[in-house]
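Geometric and topological summary
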Amino acid sequence: MRERIVALVDMDCFFCQVEQRINPELKGKPVAVVQYNKWRGGGIIAVNYEARACGVTRHMRGDEAKEKCPEINLVHVPSINDKADTSRYREAGKEVINVICQFNCAVQRASVDEAFLDLTEAVDKRIGGETQVSADHLPSTHVVGFESQLENKEEGRSEAVQEWLRKSDASSEDDHDYRLVVAAKMVEEMRKAIFTQTGFTCSAGIAHNKILSKLVCGMHKPNQQTVLPISKVPFLYETLPVKKVRLLGGKLGDTLMEKLGINYMSELEKFSEAELCQKFEQRNGQWLYNIARGIDNEEVEARLIPKSIGCCKRFPGKTALKTKQELEHWIQELAVEVCARLDKDYEENCRRPRNLVVQWSVEVGSSNSKTGFLSHFDQPSLARDAMILLCKSISIENSKVKVPIQFLGLSVGKFTEERNKANSIAKFFKPSSASETKVNETIVSDPPVPEVKQEAPPIKTGPMSFFLRNLKKKDPEKNDARVAAPQTSVESDEDEKESVKSDSDKDVETDKRCQGEEEAEAPCPQCGKSVKILDMSEHLDHHVAQELHKELNQPVTPVIPPQPSTSALPKKRKYTKSKTQSAGGDAKKIRSIQSFFNKK
DNA sequence: CATTACCTGTCT
DNA sequence: AGACAGGTA
Ligand SMILES: Nc1ncnc2c1ncn2[C@H]1C[C@H](O)[C@@H](COP(=O)(O)OP(=O)(O)OP(=O)(O)O)O1
Ligand SMILES: [Mn+2]
Ligand SMILES: [Mn+2]
């Protein structure tokens with residue numbers, strides 16, 4: 001089996017770096033970024049390494065940080081109309097993504113400050129050319145299982161890297177390690193490019209899948225990178241608490257430890273797939289069985305931009321919203337931000353959202369949401385539609401909200417690409433197509449197929465989901481679920497009498513009240529084709545599937561690998577069990593690793 | 001009384 | 001498709 005080469009690049013104390021670039025006086029000083037209310041100095045969401053040295057951590061209050069570190073510089077997240085605005089960090093994140101895209105590989109934006117890369121093809125191309133890699137090319141690289149015990153840290157690191165290089169030359173029977181070597185060199189170059197072009201430092205993990213690359217990225221920070229040779233997985237797992245693994249950090253991790261009586265990842269390997277499936281459901285069981293062996297088949301999806309745009313705000317305790325006026329006010333404010341970001345997104349990505357989701361909660365821990373079809377994107381429309389959706393589910397009497405609202409959120413999603421964007425219509429994903437590149441800049445499918453019904457939209461089978469739900473069901477005091485024809489447009493029940501809507505006749509909107517109009521048709525806003533209104537949603541889904549495979553952003557000229565990619569990678573993920581290797585026991589453990597993973 | 005933001009899987 | 005739980009940054 002030929003392993004993929006996957007890297008995870010994560011920015012160092014990202015929000016702090018953004019603030020330090022804006023205000024260079026802060027460079028070299030302890031900094032933390034705080035968000036929300038003035039209450040006790042605000043809550044900390046990012047801490048730079050100088051401040052971490054004095055024990056300041058995320059979740060702390062500004063006041064506590066001042067105690068631990070009197071010289072700390074607390075920077076507040078910008079606030080607009082009493083609402084945190086994190087746009088500057090999103091914009092900075094885009095800069096980074098743009099640099100990464102100069103390298104020829106599939107890039108998956110995983111959060112505001114990190115991205116997964118599939119370097120498999122890029123590495124192969126690189127090996128086709130020059131092949132020499134020396135320790136000089138890997139000045140900030142660490143290799144799991146090659147830690148040296150030398151007093152001098154840097155000397156030890158360098159010696160360990162050289163040791164690894166000696167053991168992993170191109171002539172080895174398998175080339176897994178050699179390909180990691182080449183990848184490590186590329187990632188060194190990429191990180192340097194990120195720094196040169198943005199001024200930000202970052203760290204990276206390089207391994208054969210997403211879970212492992214993410215895991216090792218955190219081992220050496222800041223401004224360093226860590227490689228995990230496949231043969232060192234058992235060694236790594238020996239001292240690795242299960243909750244450190246992505247997706248096991250929550251309830252699943254807890255029940256895993258509880259039900260199996262284990263603490264470290266190495267202990268997971270002795271359970272049969274059948275037992276894991278029986279205890280944690282089929283899907284989770286297979287995933288666990290695989291990850292216990294260092295196997296994770298989740299693909300790096302070529303996606304550079306978020307799938308949804310939203311914002312929200314909490315109103316804890318007595319600040320809960322109690323009147324319709326308050327509610328309207330905050331809906332307006334949220335709509336202002338969403339609208340502004342939406343306009344920008346349209347300019348940059350030429351897409352429009354088809355869905356609007358309003359979320360709210362009436363007590364801590366509860367949550368409710370209502371979804372509606374979206375056809376207008378100006379602020380008043382967003383606010384109006386959101387209010388209508390909300391009013392369908394909560395009861396208001398005499399301008400008083402029956403149960404005070406403690407949380408309110410607006411988000412839009414299910415984007416479709418704008419038509420008429422010459423050249424973009426022809427791209428239609430065809431499941432049976434053999435070849436397609438997954439490099440972000442070019443997703444080429446063989447013969448472009450026009451507007452045809454498409455089976456099998458890309459199957460999304462992310463790992464993990466949860467059986468726990470049934471163990472502890474939420475108390476359903478919930479909604480009066482009187483509304484809601486699925487897939488109707490946003491429209492109030494109150495309007496019923498006078499159908500206020502006037503100018504929207506050209507829009508694709510439906511109201512389930514109009515029982516007699518189930519046969520009515522309207523032009524699809526995407527393709528113009530006449531479609532039954534009640535089928536519009538399903539129809540639009542085909543466009544959504546299309547959008548998933550559209551071309552994302554136009555990276556500039558490739559810096560490193562000059563060749564455009566042409567070959568294919570599998571798109572569909574499968575959970576394949578694998579009976580495999582795992583070269584038994586590196587008996588000895590390195591303390592530094594142990595303490596790294598056990599601390600905190 | 002951490003906060004805001006995004007993603008995925010299951011159930012219906 | 002929509003509602004919701006769970007997970008992560
Ligand atoms: N729980 C949170 N709530 C709000 N914002 C968060 C939260 N966690 C992280 N962020 C923001 C601030 C971080 O700078 C940014 C990236 O997160 P993350 O990569 O986990 O840490 P970091 O970049 O600050 O430090 P590190 O150097 O350890 O990566 O996302
Ligand atoms: Mn980070
Ligand atoms: Mn991160």
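Residues numbered from 1 in each chain as written. Chains lettered and ligands numbered in written order. Predicted model: local features only at pLDDT ≥ 70, side-chain atom pairs only at ≥ 80, totals over all residues. Heavy atoms only, no water.

The condition is simple: UniProt positions are given in the numbering used here, feature names are shortened, and annotations may be inferred rather than shown by experiment.
As annotated in an unreviewed UniProt entry, chain A carries the name DNA polymerase eta and is attributed to Cloeon dipterum. Turning to chain A, the UniProt annotation filed under Subcellular location (unreviewed entry) states: "Nucleus". The UniProt entry for chain A carries the following comment under Sequence similarities (unreviewed entry): "Belongs to the DNA polymerase type-Y family."

Some remarks on the packing of aromatic side chains
Our working definition: Here is the rule: rings of Phe, Tyr and Trp (six-membered ring for Trp) pair when centre to centre is within 6.5 Å. Planes less than 30 degrees apart are stacked, more than 60 are edge-to-face, and the remainder are tilted. Only DSSP runs of H or I with at least four residues qualify as helices, and only runs of E with at least two residues qualify as strands; both kinds are numbered from the N terminus onward. Exposure categories follow from relative accessible area, calculated using a 1.4 Å probe and restricted to protein chains: below 20% of the type maximum is buried, above 50% is exposed, and the middle band is partly exposed. Ring-over charges, as used throughout, are those where CZ of Arg or NZ of Lys falls within 6 Å of the ring centre and within 35 degrees of the ring normal.
In total, this model carries 4 aromatic pairs according to the counting rule given. When the ring of Phe14 is compared with that of Phe200, the centres are 5.6 Å apart and the planes differ by 80 degrees; the resulting orientation is edge-to-face. Taken together, the residues Phe14 in helix H1 (residues 14-22) and Phe200 in the loop between helix H7 (176-198) and strand S10 (202-207) connect sequence positions 186 residues apart. Take Phe14 and Phe200: they sit in the same class, and that class is buried. Here a set of aromatic residues connected by ring pairs shows up, and it is made of Phe14, Phe15, Tyr89 and Phe200. Looking at Lys232, its charged tip hangs above the ring of Phe146, at a distance of 5.1 Å from the centre.

Quick word on the sheet that holds strand S9 (residues 141-143)
What counts, and what does not: When DSSP finds two or more bridges between a pair of strands, those strands are recorded as paired. To obtain an axis, a line is fitted to C-alpha atoms, over the contacting stretch when the element is a helix, and the angle between two such axes runs from 0 to 180 degrees between their N-to-C directions.
Overall, mixed pairing links the 6 strands, which are arranged S7-S8-S1-S10-S11-S9 in an open sheet. Each edge of the open sheet carries a strand with a single partner, namely strand S7 (106-111) and S9. Across the sheet, the axes of successive neighbouring strands diverge by a mean angle of 20 degrees, strand direction being ignored. As defined by bridge partners, strand S1 (residues 6-11) adjoins S10 across 6 bridges and the pair is classed as antiparallel. Bridging across to S10, Val9 finds its partner in Ala204.

Points about the coordination of the manganese ion (ligand 2)
Any two of four tetrahedral donors ideally make an angle of 109.5 degrees at the metal, while pairs among six octahedral donors ideally make 90 or 180 degrees. Stated precisely, the cut-off is as follows: Note that water is not among the atoms considered, so a metal site may appear incomplete; the donors listed are N, O and S atoms within 2.8 Å of the metal, with 3.2 Å applied to Na, K and Ca. A four-donor site is classed as tetrahedral when every donor-metal-donor angle falls between 85 and 135 degrees; four donors are called square planar, and six octahedral, when trans pairs exceed 155 degrees and all remaining angles lie between 65 and 115, with any other arrangement labelled irregular.
For the manganese ion (ligand 2), the protein coordination sphere consists of Asp10 (OD), Met11 (O) and Asp113 (OD), at 2.1 to 2.2 Å. Classification of the site at the manganese ion (ligand 2) as octahedral follows from its 6 donor atoms and the range of 78 to 176 degrees in their angles at the metal.

Section: the coordination of the manganese ion (ligand 3)
In this structure, Asp10 (OD), Asp113 (OD) and Glu114 (OE) serve as the protein donors to the manganese ion (ligand 3), at separations of 2.0 to 2.2 Å. Linear spacing of the donor residues for the manganese ion (ligand 3) on their chain is D-x102-D-E. The two metals, the manganese ion (ligand 3) and the manganese ion (ligand 2), are separated by 3.5 Å and share Asp10 as a common coordinating residue. Comparing Asp113 with Glu114, the two get one shared label, buried.

Brief notes about the site of ligand 1
For clarity, the cut-off: In these notes, residues near a molecule or strand are those with any non-hydrogen atom within 4 Å of it. Between N or O atoms, a polar contact is any pair within 3.5 Å; within protein, one atom must be a potential hydrogen donor and the other a potential acceptor, and residues adjacent in sequence are included only when both atoms are from side chains. For every accessible area listed, the method is Shrake-Rupley and the probe measures 1.4 Å; residues are considered covered only by the protein chains on display. Three classes are used: nonpolar for Ala, Val, Leu, Ile, Met, Phe, Trp, Tyr, Cys and Pro, charged for Asp, Glu, Lys and Arg, and polar for all others, with Gly counted as polar.
In the vicinity of ligand 1 there are 13 residues, among which Asp10, Cys13, Tyr49, Arg58 and Asp113 approach most closely. The separation between an oxygen atom of ligand 1 and a polar main-chain atom of Phe14 is 3.0 Å. One nitrogen or oxygen atom from the main chain of Phe15 is found 3.1 Å from an oxygen atom belonging to ligand 1. Protein contacts shield 68% of the accessible area of ligand 1, which totals 580 Å² for the unbound molecule. Contributing elements (two or more residues each) for the shell around ligand 1: S1, H1, strand S3 (43-47) and helix H2 (49-52). Here the shell around ligand 1 is built from residues that sort into 7 nonpolar, no polar and 6 charged.

A look at the environment of Glu269
Locating Glu269 in the fold gives a position in the loop between helix H10 (251-260) and helix H11 (273-280). Judged by its relative accessible area of 28%, Glu269 falls in the partly exposed class. Placed 20 residues apart in sequence, Glu269 and Tyr289 show a C-alpha to C-alpha distance of 7.1 Å.

Overview of the pattern of salt bridges
Inclusion rule: We define a salt bridge as a contact between a side-chain nitrogen of Lys or Arg and a carboxyl oxygen of Asp or Glu at a distance within 4 Å.
Under the criterion given, the structure shown has 27 salt bridges. One salt bridge in this structure joins Lys214 and Asp10, with 3.8 Å as the shortest N-O distance. With a gap of 204 residues between them, Lys214 in helix H8 (residues 210-217) and Asp10 in strand S1 connect regions that are remote in the sequence. A relative accessible area of 26% places Lys214 in the partly exposed class. Measuring nitrogen to oxygen at the nearest pair gives 2.7 Å for the salt bridge that ties Asp385 to Arg384. Classification of Arg384 as partly exposed rests on a relative accessible area of 36%.

Here's the deal with the side chain of Arg293
What counts here: Residues scored as charged are limited to Lys and Arg (positive) and Asp and Glu (negative), so that His and the chain ends carry no count.
Position of Arg293 among the secondary structure elements: in the loop between helix H12 (282-291) and strand S12 (308-314). As a buried residue without a salt bridge, Arg293 has its nearest oppositely charged side chain in Glu269, at a separation of 4.6 Å. Among the polar contacts made by the side chain of Arg293, one reaches the main-chain carbonyl oxygen of Tyr289 at a distance of 2.8 Å.

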